Amino acid sequence: MQSRVQPAYFVVVRREKAPPLTAPQYGGARSTDTRSAFLDHNSQQARPSIVGQRDDLEQRRKNRYVATFRRYVAIGDSSTEGLEDPDGQGGYRGWADRLAQHIADAQDEPLEYANLAIRGLRMKEIRVSQLEDALAMQPDLLTVFGGVNDLIAGPCDFDSIRADYVIVFGQARRQGATVLSFTMPDPTAINPLGRYWRERAAKLNAIIRAEAESRGVLVMDFEHYPVAEDPRLWFE
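I will try to describe carefully the structure that is included in this document. For clarity, every value in this text was computed on a predicted model and none was experimentally measured. (Residues numbered from 1 in each chain as written. Predicted model: local features only at pLDDT ≥ 70, side-chain atom pairs only at ≥ 80, totals over all residues. Heavy atoms only, no water.)

The terminal C-alpha atoms of helix H6 (residues 158-174) lie 24 Å apart, and with 17 residues this matches the ideal 24 Å at 1.5 Å per residue to within 8%. Every buried residue belonging to H6 is among Phe158, Ile161, Asp164, Tyr165, Val168, Phe169, Gly170, Ala172 and Arg173, and all of these are buried. The N-terminus of H6 is capped by Asp157, whose side-chain oxygen sits 3.2 Å from the backbone nitrogen of Asp159. Of the residues one or two after H6, Gly176 is the one with positive phi, at around 105 degrees. (Helix = DSSP H or I, 4+ residues; strand = E, 2+ residues; numbered from the N terminus. Expected span 1.5 Å × (residues − 1). Buried < 20%, exposed > 50% of the residue type's maximum accessible area, 1.4 Å probe, protein only. Polar contact = N/O pair within 3.5 Å; in protein donor to acceptor, adjacent residues only side chain to side chain.)

Moving on, we get to the environment of Ile167. Relative to the assigned elements, Ile167 resides in helix H6. Distance from Ile167 to Arg127, taken between C-alpha atoms, is 8.0 Å for residues 40 residues apart in sequence. Not counting residues within four places of it along the chain, the set of residues in contact with Ile167 comprises Arg127 and Leu131. (Contact = heavy atoms within 4.5 Å.)

What follows deals with helix H7 (residues 198-215). The terminal C-alpha atoms of H7, which comprises 18 residues, lie 26 Å apart, in line with the 26 Å expected from a rise of 1.5 Å per residue. Looking only at H7, the buried set comprises Ala201, Leu204, Asn205, Ile207, Ile208, Glu211 and Ala212. One side of H7 carries all its buried residues, which in axial view fall inside an arc of 160 degrees. H7 presents Glu199, Glu213 and Ser214 as exposed residues on the side facing more than 90 degrees away from its buried surface. Where H7 is buried, its residues contact strand S4 (141-145), helix H5 (148-152), H6, strand S5 (178-182) and strand S6 (218-220). Once H7 finishes, Gly216 follows within two positions and takes phi at roughly 70 degrees, a positive value. (Arc of directions from axis to C-beta.)

Next up, the structure:
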């Protein structure tokens, strides 16, 4: 089946004019608009460039130090899309947009970035509708998170969620991408209704950890960091 990927999916995120802070100083919030970074439909930077990008394939598979990311693709649901994280201009600018800008600020080369996430999708829908296009873009960094809509919408098939993560993690790692996912913090601290699916969230976290560990996927384990329960980190 022919891929639906088009070069116009990418925005080219460049380092801000000010040089990035050194590691000991880093951590201040940056006010930048990743979505407003120019989109170059015709330049070579907006098209896949394979030559020279897989010379360190084995090191990337082992998640060793990567000095430069050239292409970042994000897949997932509303959390990755950036829902309820307004940019002040009528749109959204979520964590994936901010991560793209941080990466671009930390390296000399510009970063090609595409966010394919769509609100409301369950984990299987994310895999079926986004993974093929994401891998066709040949990212060297892929972020994925899903399963929350499974938890809150009636019966939850954890075996199916696990199978979907196995496929997403496995295919992306075999292609040589560095893969990053994360766990959920305690949902009761973010939403009073979270107490009804707190146990489900813990099961989802356990699936992500287990499958990520066996496939060399990086995990930001928010469940183990109380600061991640601060509602101000999740919406305004």
